[in-house]
Amino acid sequence: MPALYGDLITNGSFTAGTTGWWTGEPTYVTVSAPGTGLEATATTDATNLWDALLGQNNLILRPGCRYTLSFTARASQPGTTLRALVGLGADPWTPALDKTLTLGTADTCFTLPFTSPLDTATGQLTFQFGQSTAVTVHLTEIRLTCSTADEGFYVDPDSNAAKWLTTANRDDPRTKKIDRSMVRRPGARWFGDWNRDIKTDLDAYVGAAAAKGQLPIITLYNVHNRDNGGESSGGAPSPEAYRAWIDAAVAGIADRPALVIVEPDSLAQLDNLPTAAARTDRTALIAYAAQALGTLPATTAYLDGGNATWIRPAEMATLLRDAGVAHVRGFAVNVANFDAVDVCCTYATQITTELARLGVPGRGFVVDTSRNGNGAMNAEGQHVDWCNPAGRRLGVPSSIGVGGADYLLWIKVPGDSDGSCGIGEGIRAGTFSPYLAERLIDGR
């Protein structure tokens, strides 16, 4: 069977209390979930690590696939030992990961990659911390994801680049490089007002990915007054129509794994809307989408968080809070933009800090790397324009993140025009251009 991708842990932030988790003998361990994670206290009767434990069962692990267990932890006493174990949930208890860590009193994020030797649908994750002293361990943001990047993400077989390849002249010298560098790479498919039946279209796309055991990357782009009359204007004809569209999209995804980016630019462009009422409506629509997507058991969703040179972190954090980011995993930065990964991660980390101050801790983020291989500065040291600038290059293909990011993703479809501007003069927004594609591949 193929590997399963996406987050394999249920309720890893414990926002639903201890739902999905079991704990050991109450004589040895007591637990509570105050809403900001799990507080687990080992008693003095727990003389072995395995006496005080908590865990989750029925994890699906596939042999040869790489996984990453990540979590944030702290303890009431410095030097507390915590054992993280992923393996068989029954005798002979074969481990795929067995790592003993030392906790301090400050939150620390641990990232533990491993390759599974196991082929099981009854895998188990446990945290063990008994040590003959009364100690409390705080755990949150526990995630187990498959990090076999090339296998993990679904490659859109009908991307604009793939469609061009099927019709291109075989002698066209660009076909091989576009096939190798773009068509075979996983990235987002965008869904919007061009989809006649969003439920059916998403059902088919997510179903095709699920049949391969892969994770589809999806961008929803249909908010009312989309792009505020810009190059990508359009969207749902009314707020009511947008809510109905979101309901249909949620029904199309259903209970299958999906990674969803919600409405690029929708919050960063709020000030461009003509009235306060329009701005309030926009925020409410994004919050509606966040709440709806947050009900899906296997969907990981990210609201759009602009880019590093657009909205200040504190302001963006407020916009995200008001738009319901607490209902989803987090936010995306740099969508369709060009900032380097380190710039994006610094900006996103500042937003997460501000969100925590606003009472929304533990949000994650993803970075769009589709066109940031050369960063966003030109030869003169100036930030490039947003619309089809010259000298840009493909960035890191979709993969597990670095610098605190959950994932690096190709969210913008590389090779698709931003509009009739820059080096794409005369090419409509969303139209694939082999000319633009080749320049991104070559970095010119």
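This structure is a prediction, so every number in the text was calculated from the model and none was measured.

**Things to note about the overall build of the protein**
Line of reasoning, step 1. Assigned secondary structure in the protein consists of nine helices and 18 strands.
Line of reasoning, step 2. In terms of overall dimensions, the protein is globule-like: its C-alpha atoms have a radius of gyration of 23 Å, near the 22 Å expected for 444 residues.
Line of reasoning, step 3. For the protein, the spread of C-alpha atoms along the principal axes amounts to about 75 × 50 × 45 Å.
Line of reasoning, step 4. Residues counted as buried form 54% of the 444 residues belonging to the protein.
Line of reasoning, step 5. With 35 positive and 45 negative side-chain charges, the protein shows a spacing of 5 Å between the two charge centroids.

**Focus on the pattern of salt bridges**
It is possible for side chains bearing opposite charge to pair when their charged atoms get close.
Line of reasoning, step 1. One pass over the structure, following the stated rule, counts 21 salt bridges.
Line of reasoning, step 2. R256 is the salt-bridge partner of D203, the closest N and O atoms lying 2.8 Å from each other. Linking D203 in helix α4 (residues 198–211) with R256 in the loop between α5 (239–253) and β13 (258–262), this pair joins segments that are 53 residues apart in sequence.
Line of reasoning, step 3. A relative accessible area of 37% places D203 in the partly exposed class.
Line of reasoning, step 4. Take R256: its relative accessible area is 18%, and that puts it in the buried class.
Line of reasoning, step 5. Salt bridges sharing partners connect three or more residues here, namely E141, R143, R329, R363 and D406.

**Thoughts on the UniProt feature "domain: CBM-cenC" (unreviewed entry) in the protein**
Line of reasoning, step 1. Mapped onto this numbering, the UniProt entry gives "domain: CBM-cenC" (unreviewed entry) at residues 7–130.
Line of reasoning, step 2. When the span residues 7–130 is considered, its composition is 0% helix and 52% strand, and the gap between its end C-alpha atoms is 28 Å.

**Some details on helix α6 (residues 276–294)**
Line of reasoning, step 1. Look at α6: 27 Å from first C-alpha to last across 19 residues, which is about the 27 Å you get at 1.5 Å a residue.
Line of reasoning, step 2. Listed as buried for α6 are A278, R282, T283, L285, I286, A287, A289, A290, A292 and L293.
Line of reasoning, step 3. Packed against the buried residues of α6 are β12 (217–220), α5, β13, β14 (299–304) and α7 (313–322).

**Concerning the sheet that holds β12**
Line of reasoning, step 1. Spatially, the eight strands line up as an open sheet ordered β11-β12-β13-β14-β15-β16-β18-β17, and their pairing is mixed. Among the strands making up the open sheet, the edge pair consists of β11 (188–191) and β17 (399–400).
Line of reasoning, step 2. Running over the sheet, α6 touches β12, β13 and β14 and is turned about 165° from β14.

**Some remarks on the UniProt feature "active site" (unreviewed entry) in the protein**
Line of reasoning, step 1. Here the UniProt-annotated "active site" (unreviewed entry) positions come out as D265.
Line of reasoning, step 2. By secondary structure assignment, the location of D265 is in the loop between β13 and α6.
Line of reasoning, step 3. Leaving out residues up to four positions away in the same chain, D265 has contacts with D304 and W310.

**Things to note about the pairing of strand β9 (residues 120–128)**
Line of reasoning, step 1. Across the nine residues of β9, seven count as buried, placing the element largely inside the fold.
Line of reasoning, step 2. Bridge analysis of strand β6 (residues 80–88) against β9 gives six bridges, and the strand direction is antiparallel. Counted as the bridge partner of L88 is G123 from β9.

**Topic: the state of the cysteines**
Line of reasoning, step 1. Summed over all chains, the structure comprises one disulfide.
Line of reasoning, step 2. One disulfide in the model links C387 with C421; its S-S distance is 1.6 Å. Of this pair, C387 sits in the loop between β16 (364–368) and β17 while C421 sits in the loop between β18 (407–409) and α9 (434–442), and the two are 34 residues apart along the sequence. With respect to class, C387 is no different from C421; both count as buried.
Line of reasoning, step 3. Here C109 is not disulfide-linked; the sulfur of C345 is the nearest cysteine sulfur, at 13 Å.
Line of reasoning, step 4. The thiol sulfur of C345 is not disulfide-bonded, and the nearest other cysteine sulfur, from C344, lies at 6.7 Å.

**Structural notes on the packing of α5 against α6**
Line of reasoning, step 1. For the pair α5 and α6, the least separation of the axes is 10 Å and the interaxial angle reads 20°. When the axis of α5 is compared with that of α6, the two are roughly parallel. Relative to α6, the crossing made by α5 is right-handed. The segment α5 lies against α6, with P239, Y242, R243, I246, D247, V250 and I253 engaging L285, Y288, A289, A292 and L293.
Line of reasoning, step 2. Across the contact of α5 with α6, the residue classes break down as ten nonpolar, no polar and two charged.

**Here we look at the pairing of β16**
Line of reasoning, step 1. Along β16, five of the five residues are buried, which leaves the element largely enclosed by surrounding structure.
Line of reasoning, step 2. Where burial is concerned, the two faces of β16 agree: the one with G364, V366 and D368 and the one with F365 and V367 are both buried.
Line of reasoning, step 3. In this structure, strand β15 (residues 330–333) lies alongside β16, joined through four bridges in parallel fashion. Pairing of G330 across the sheet is with G364, part of β16.
Line of reasoning, step 4. Handedness of the crossover is the feature at issue here: the chain leaves β15, passes through helix α8 (residues 341–357), returns alongside β16, and the resulting connection is right-handed.
Line of reasoning, step 5. Both β16 and β18 contribute to a ladder of three bridges, which runs parallel. Looking across to β18, one finds that D368 is bridged to L409.

**Some remarks on the sheet that holds strand β8 (residues 108–115)**
Line of reasoning, step 1. The strand order β2-β3-β10-β5-β8 describes an open sheet built from five strands, whose pairing is antiparallel. Bordering the open sheet on either side are β2 (29–32) and β8, each of which pairs with just one other strand. Pairwise comparison of adjacent strand axes, ignoring direction, gives a mean angle of 30° for this sheet.
Line of reasoning, step 2. Bridging between strand β5 (residues 66–75) and strand β10 (residues 135–146) involves eight bridges; their strand directions are antiparallel. The residue of β10 that forms the bridge with Y67 is C146.

Procedures and definitions
Positions within a chain are numbered from 1, following the residues in the order the chain's sequence is written. In keeping with the model being predicted, local features are shown solely for residues with a pLDDT of at least 70 and side-chain atom pairs are shown and tallied solely at 80 or more, while totals for entire chains, interfaces and linings include all residues. The basis for the side-chain values is all heavy atoms of the structure; hydrogens and waters are excluded. Comment: elements are numbered from the N terminus, with helices defined as DSSP H or I runs of at least four residues and strands as E runs of at least two. Both definitions apply: the radius of gyration is a C-alpha atom measure, and the globule rule equals 2.2 Å times residues to the power 0.38. Here the term buried applies to any residue with accessible area under 20% of the maximum for its type, exposed to any over 50%, and partly exposed to those in between, with areas from a 1.4 Å probe on protein chains only. The charge count includes Lys and Arg as positive and Asp and Glu as negative, but it does not include His or the ends of the chains. For charged residues, the charge sits on one atom: NZ in Lys, CZ in Arg, CG in Asp, CD in Glu. A pair is scored as a salt bridge if a Lys or Arg side-chain nitrogen falls within 4 Å of a carboxyl oxygen belonging to Asp or Glu. UniProt positions are given in the numbering used here, feature names are shortened, and annotations may be inferred rather than shown by experiment. Here a helix's expected span is defined as the number of its residues, less one, multiplied by 1.5 Å. Here a residue-residue contact requires only that any non-hydrogen atoms of the pair lie within 4.5 Å. Note on pairing: DSSP must find at least two bridges between two strands before they are called paired. Note on geometry: axes are lines fitted to C-alpha atoms, helical ones only across the stretch in contact, with angles between N-to-C directions running from 0 to 180 degrees. Two cysteine sulfur atoms make up a disulfide if the distance between them is within 2.5 Å. Here the angle decides the label: under 35 degrees means roughly parallel, over 145 means roughly antiparallel, 65 to 115 means roughly perpendicular, and every other value means oblique. Crossing handedness is read from the near helix: turned anticlockwise from the far helix by less than a right angle, it gives a left-handed crossing, and turned clockwise, a right-handed one. All amino acids are sorted into three groups, where Ala, Val, Leu, Ile, Met, Phe, Trp, Tyr, Cys and Pro are nonpolar, Asp, Glu, Lys and Arg are charged, and the leftover types, Gly among them, are polar. If the strands point away from the viewer and the path from the first strand over the helix to the second runs clockwise, then the crossover is right-handed.

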